[in-house]
Amino acid sequence: MTQAEIDIQARLDRLARYFDLGALAQADCSAKGIARYYRLSRHAYSRYHDKGNAVHMGLSEGDIWRPEDMYGQAAFIEEHLGEARNVLELATGRGMNALWLARRHPSVRFHGIDLTPAQLTYARKDSADVANFTASEGDFHDLSGFASESQDLVFVVEALCHSDRKQEVLDQAHRVLRPHGTIIVIDGYRANGEAEQITDQALRLLARGMAVPDFMPYQDFQDLVEECPFEIVEEHDRSQQIMPSLKRFEGLANRFMSPRLKMRIMRALLPKPLLHNVVSGYLFPALMEAGAISYWLTVLRKT
């Protein structure tokens, strides 16, 4: 057993003292389960994750997480706006990325869709004074509400992983994009190849703790892209840039793993999705350091 596997096993053993890992491994990752996850976790995201309505990880330049790191993905997308006039965000969540862009580019029309009404409540409240942003309920597997070739750019941040029908999402994006339009996919992926049993168990728990069916190997995603058809024009491995966020999550997770009466009461009362997130937050940095999972910014062009 490698040192990385020993560390992962130790983390699994510690988590098993406080959480029902068997039940978590069977967590519901259907559309209904995903909506429930975000609905029941919404207050925890606001309190523990980011008060600026981010539900994604930051891109940090150094070893320390800073609040401004949460705009790293939006800044990357901004670099690819070009002459775009219509931009669609899939799974916009609370709308943080699209709203940041909309405020900076008032001549561009931004639209965000999301599966979860609880998330959209935040997006609509924050966009009350932003005329060029609209948020609506929708499933990114069905973009029939958007005309063919109506969008210049489509982007999705840390949400395609929720789908076990990714080709349908890419096919829908391909239809609504204009000729040679761009889609930017920012997400986490398994390492290519088979994982050892301990690592595989931890990866499954990591995924299910965030209402993800399973993480796709990046090579499989690349192969999927070619079938759509898109061409990959840029690929950026930003695994190290999210490590400060992951270390921050690890610190938060540690708070919930204690035999003290207060923590026992909190674990008994808090919503299951929040507790599942504790498991993910504790496992994520170890899996990243082991090279079992990675984080990519991928730019695709419609062919």
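Residues numbered from 1 in each chain as written. Predicted model: local features only at pLDDT ≥ 70, side-chain atom pairs only at ≥ 80, totals over all residues. Heavy atoms only, no water.

Trainee: Please explain the overall build of the chain as it appears in this structure.
Mentor: A tally of helices and strands in the chain yields 12 helices and 7 strands. The globule rule puts the C-alpha radius of gyration for 303 residues at 19 Å, and the 19 Å found for the chain is close to it. For the chain, the spread of C-alpha atoms along the three principal axes comes to 55 × 40 × 35 Å. Looking at the chain as a whole, 56% of its 303 residues are labelled buried. With an accessible surface of roughly 13600 Å², the chain has 49% of that area assigned to carbon and sulfur atoms. Seen as two clouds, the 35 positive and the 41 negative side-chain charges of the chain have centres 11 Å apart. (Helix = DSSP H or I, 4+ residues; strand = E, 2+ residues; numbered from the N terminus. Rg over C-alpha atoms; globule rule 2.2 N^0.38 Å. Buried < 20%, exposed > 50% of the residue type's maximum accessible area, 1.4 Å probe, protein only. Areas by Shrake-Rupley, 256 points an atom, 1.4 Å probe, with all protein chains shown as cover. Lys, Arg positive; Asp, Glu negative; His and termini not counted. Charge placed at Lys NZ, Arg CZ, Asp CG, Glu CD.)

Trainee: When you look at a negative patch on the surface in this model, what are you seeing that I'm missing?
Mentor: Together, Asp220, Asp223, Glu226 and Glu227 line one region of the surface with negative charge. Structurally, the position occupied by Asp223 is in helix α9 (residues 218-226). Note on Asp223: relative accessible area 34%, which makes it partly exposed. (Patch = residues over 30% accessible without salt bridge, like charges linked within 9 Å, V, L, I, M, F, W, Y side chains within 5 Å. Salt bridge = Lys/Arg side-chain N within 4 Å of Asp/Glu carboxyl O.)

Trainee: Is there a simple way to think about the packing of aromatic side chains in this case?
Mentor: Taken as a whole and judged by the stated rule, the model has 7 aromatic pairs. Measuring from centroid to centroid gives 4.8 Å for Tyr37 and Tyr38, while their planes differ by 80 degrees, and the two rings are edge-to-face. We note that Tyr37, like Tyr38, is buried. Between Tyr218 and Trp296, the aromatic rings sit 4.2 Å apart at their centres with planes inclined by 5 degrees, giving stacked as the arrangement. Placement of the pair is Tyr218 in helix α9 and Trp296 in strand β7 (residues 293-302), with a sequence separation of 78 residues. Taking the relative accessible area as the measure of exposure, Trp296 reaches 18% and is therefore buried. Of the aromatic side chains, those joined through ring pairs into one cluster are Tyr189, Tyr218, Phe221 and Trp296. Above the plane of the ring of Tyr282 lies Arg11, whose end atom (NZ or CZ) is 4.8 Å from the centre. (Phe/Tyr/Trp six-rings, centres within 6.5 Å; stacked < 30°, edge-to-face > 60°. Lys NZ or Arg CZ within 6 Å of the ring centre and 35° of its normal.)

Trainee: Just to check I follow, could you spell out the pattern of salt bridges for this structure?
Mentor: Once the charged atoms of two side chains with opposite charge are near each other, the side chains can pair. Taken as a whole and judged by the stated rule, the model has 11 salt bridges. For Asp7, the salt bridge is made with Arg11, and the minimal N-O distance between the two is 3.3 Å. You can see Asp7 and its partner Arg11 sitting in helix α1 (residues 3-16), 4 residues apart, about one turn around the helix. Take Asp7: its relative accessible area is 27%, and that puts it in the partly exposed class. Look at Arg11 and you get buried, because its relative accessible area is 9%.

Trainee: Hey, could you run me through the sheet that holds strand β2 (residues 109-114) in this one?
Mentor: Paired through their backbone hydrogen bonds, the strands of a sheet run either parallel or antiparallel. Spatial strand order, β3-β2-β1-β4-β5-β7-β6: 7 strands in an open sheet with mixed pairing. Strand pairing shows two members of the sheet lacking a second neighbour, β3 (133-137) and β6 (230-237), which therefore form its edges. Strand-to-strand, the axes of this sheet are offset by a mean angle of 20 degrees, without reference to chain direction. Both β2 and β3 contribute to a ladder of 5 bridges, which runs parallel. Opposite Phe110, over in β3, you have Phe133 as the bridge partner. Each of β1 (86-90), β2, β3 and β4 (151-157) is contacted by helix α5 (residues 96-104), which is oriented at about 140 degrees to β4, the strand it contacts most. (Pairing = 2+ DSSP bridges. Axes fitted to C-alpha atoms, helices over the stretch in contact; angles between N-to-C directions. Contact = heavy atoms within 4.5 Å.)

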